[in-house]
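# Structure assessment
The lines below spell out each chain.
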Amino acid sequence: MAAPVAVDLNRPQGHARRLLELLHALGNDAPAAPMDKARWCLLDALGCGLFGAHQAWGEIMTAEALADGAHGTCSILGTAHATAPAQAALCNGTAIHGFELDDLLSEAVIHPGAVIIPAVLAAAQTCDASGEQLLRGIVAGYEATARISMALGMEASQRGFHKTSVVGPVAGAVAASVTMKLSLEQMVNAVGLACSCGSGVKNFATGSAGMVKRMHAGRAAEAAVRMTLLARRGFTAPPEAIDGTYGLLDAFSGSKAQPQQLDGAWREKWAIDDVWVKVYPICGWIQGVVQLLTSMRSEDGFTAGDVEKVVVATSAFAVKNNANADVHDTMDAQYSIPYCVAVALLGNPMNPEEFAAPRIFDAGLKHIAQRVELQVDQIADQVYPRQFASRVELRLKDGRTLSRSTLDPHGTPADPCSVDEQVEKFSNLARLSGLTKDLSDAIDIVRTLESRKISELMRELRQA
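In this report, the structure presented in the accompanying data block is examined. It should be emphasised that the depicted structure is a prediction, and the values quoted were computed from it without experimental measurement.

## So, the overall build of the chain
Scanning the chain for helices and strands turns up 20 helices and 8 strands. For the chain, the spread of C-alpha atoms along the three principal axes comes to 80 × 55 × 40 Å. Of all 464 residues assigned to the chain, the portion counted as buried reaches 59%. On the chain, roughly 17,600 Å² of surface is accessible, and the fraction owed to carbon and sulfur atoms is 51%. Counting 41 positive and 51 negative side-chain charges, the chain places the averaged centre of each group 2 Å from the other.

Below, the structure written as C-alpha cells:
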C-alpha cells in the first residue's frame, strides 16, 4: 500500500491556512473567558439533545444507526445505547437540532452547537479526552463555524444552501481534531476531507418541510467525525480545500466570498461571545415577534378575541421565507410567523407541544394566523443579519392600536440569557424528554468540567 503524501506545511498559503494554524494552537492555549462560555453552550446543546432524541426523527435516526450494527463506546444522548463515533455524532446532531431550540451565531447566521457539540463528544469519548480538552475543541469549533460562515457571506444561503450543513463538516472537523489533539498536518487533512462533505438545501423552508432539516446538523457532525478519524489514520486531502480554486468558498460563493474574514481581527473578540441562546422553539427570525406579543399580552389588558388584526414588520428575508400561514407539520409551524403569532396570543410559545400535532391544526390558532399581515420594516432590513429587529402592531376591535418593537430579542448577545436561565432551560428540556434521572450531578460536572472526564458526564446523561 502506498504511503500517504504529507501536507507541505511550509508551503505559502492564504487566509485559511493561517486560520487553521491559529485554531490548532487553541488546543494548547484557549483563554479562560471563551472556555467558560463553552461550558454553557455544551449544557444548552445537551438539553436540546435530550429532548430531541425522543422526537420521532431522533428515534428514527437512532434506530437506523443501531441497525448498522456498528460497535463503539460513544453515547447516544438520552438513551442506554452506545455506538461507533460517527453514528453517535449523527444521532446526537439530529437530536440537538431536533426542535429549533439549539443556539445560533447571530451575525454569521448559522447553528454551531448542533454540529460542534456532537462532534466533540464523539471525539472525546473515542480518545477519553479530558473535559478541559473538550472545552478547547468547542471554542475552536465555534470560531471556525463563524469565520467560515462569514467568509461564505450570504450568497450560498440565498441560492438555497443551508449553511449549517455546508460549514458544519469543516468546523466540526476542526473541533474534533482539537479535542483529539491531532497534529496540525492531520487537522489540515481532516478539514480538506470535510470540505467535500458540505451539502444541504433549504427546500424545507418552502412548506411541508418534513424532517430533513433535523438531520442536516447530524449529517454534518457525522461527516466531521468520520473525516477526522480518516485523517488520523493517514487519509490525505488538498491543503487549500477551503479557499483554493474550486474550494469550499469558490464553489458555494464564487466572487462574493470574503476569504479575509477567515483570519482577520484574531482575538479581538471570540465567536462564542456572539452566541444566541434560543428562548422559544421556533425560527430565530421570529423570536423577537413572539417576545413582543407575550409581553403585550401580559401587560396591555386584552385577549386574543379582542384582536382585529396583527401587523408584523421585520426583515425582507423573514417576510419572504416565514410567511406561510397554512401549516402542515411541526417544522412548518416553527417557521411560520402567522402561526407563531397565534400561539403567542392564544397559548404558551415556550411549550414545544404548541408546535406539534394535533395542536397545529387547532381552528382557533388558524383563525388568528389568518389575521396576520407581514410588512418589510426598513430598520429591520438595514440591521439584518447583525440584528434581528421586529415591530408588532395590534389593532383591537375597540379601536385601540398597540405597538412595540425590538432590535435584539432576549437570548441574543445584546440581551443574553443568564446562566440561571440556561440551567433552567436544560432542566426543563431534560424533564420533557422523559429522562427519569436527577440531572443535578450532570449540571455540576459541566460547572467543573476542566477537572472532570467526559465519561463521567455521559454516564449521567444515559437512560437507565
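## Remarks on the pattern of salt bridges
This structure, assessed with the given rule, holds 25 salt bridges. As a salt-bridge pair, R39 and E450 come within 2.5 Å of each other at their nearest N and O atoms. Separated by 411 residues along the polypeptide, R39 in helix 2 (residues 32-52) and E450 in the loop between helix 19 (440-447) and helix 20 (454-460) bring together distant segments of the chain. The network of salt bridges with common partners includes E100, K213, R214 and K278.

## Some thoughts on the nonpolar core
L42, I138 and L461 are the most contacted members of the largest nonpolar core, which has 158 residues in total. In this structure, I138 is in contact with A38, L42, I116, I117, V120 and I272, ignoring residues within four places of it in sequence. Residues M61, A65, L90 and C91 belong to the second largest nonpolar core, which totals 5 residues.

## Quick notes on the sheet that holds strand 7 (residues 390-396)
Strands sit in the order 6-5-7-8 across an open sheet of 4 strands; the sheet is mixed. Since the sheet does not close on itself, it has two edges, and those belong to strand 6 (372-376) and strand 8 (401-406), each with one partner. The sheet shows a mean angle of 15° between the axes of neighbouring strands, taken without regard to direction. Relative to strand 8, strand 7 runs antiparallel, the two being bridged by 6 bridges. When the bridges of strand 8 are listed, S390 appears paired with T406. Helix 12 (residues 284-299) rests against strand 5 (307-314), strand 7 and strand 8 of the sheet, and its axis sits at about 40° to strand 7. In the packing of helix 15 (residues 337-346) onto the sheet, the strands contacted are strand 5 and strand 6, and the crossing angle to strand 5 comes to about 125°.

## Observations regarding the layout of surface pockets
Taken as a whole, the largest pocket encloses approximately 460 Å³ of empty space. If you trace the largest pocket, you find 30 residues lining it, with S157, K202, W285, F317 and Y335 closest to the centre. Listing elements by their share of the lining of the largest pocket, those giving two or more residues are helix 7 (155-158), helix 8 (163-179), helix 12 and helix 13 (316-321). Among the elements that line the lining of the largest pocket, the one with the most residues is helix 13, at 4 residues. Residue composition of the lining of the largest pocket, by class: 13 nonpolar, 11 polar and 6 charged. Taken as a whole, the second largest pocket holds about 380 Å³ of empty space.

How each quantity is defined
Going along each chain's sequence as written, the residues are numbered from 1 onward. Local features are withheld for residues below a pLDDT of 70 in this predicted model, meaning they are given only at 70 or higher, and side-chain atom pairs are given and counted only at 80 or more; totals for whole chains, interfaces and linings count all residues. With hydrogens and water excluded, all non-hydrogen atoms of the structure serve as input to the side-chain values. Each helix is a run of DSSP H or I of at least 4 residues and each strand a run of E of at least 2, with the numbering of both proceeding from the N terminus. Accessibility here uses a 1.4 Å probe with only protein chains present; expressed as a share of the type maximum, an area under 20% marks a residue as buried, one over 50% as exposed, and anything in between as partly exposed. Accessible surface is estimated by sampling points in the Shrake-Rupley manner with a 1.4 Å probe; for residues, cover comes only from the protein chains shown. None of His or the chain ends enter the tally, which takes Lys and Arg as positive and Asp and Glu as negative. Taken as the charge location is NZ of Lys, CZ of Arg, CG of Asp or CD of Glu. For this analysis, a salt bridge means a side-chain nitrogen from Lys or Arg found within 4 Å of a carboxyl oxygen belonging to Asp or Glu. Each nonpolar core is a collection of buried residues, namely Ala, Val, Leu, Ile, Met, Phe, Trp, Tyr and Cys, held together in the definition by side-chain atoms within 4.5 Å. Residues are treated as being in contact if the distance between any of their heavy atoms lies within 4.5 Å. Strand pairing is assigned whenever DSSP detects at least two bridges linking the two strands. All axes are obtained by fitting lines to C-alpha atoms, using only the stretch in contact for helices, and the reported angles, taken between N-to-C directions, cover 0 to 180 degrees. Put plainly, a pocket is an open set of points on a 1 Å grid over the protein atoms alone with protein on both sides within 12 Å along at least five of seven lines, a cavity is a set where a 1.4 Å probe fits but cannot get out, and a lining residue has an atom within 4 Å of a point. Grid points are joined across faces, edges and corners, and a volume is the space filled by probe spheres set on the points. In this classification, Asp, Glu, Lys and Arg are treated as charged, Ala, Val, Leu, Ile, Met, Phe, Trp, Tyr, Cys and Pro as nonpolar, and every other residue, Gly included, as polar.

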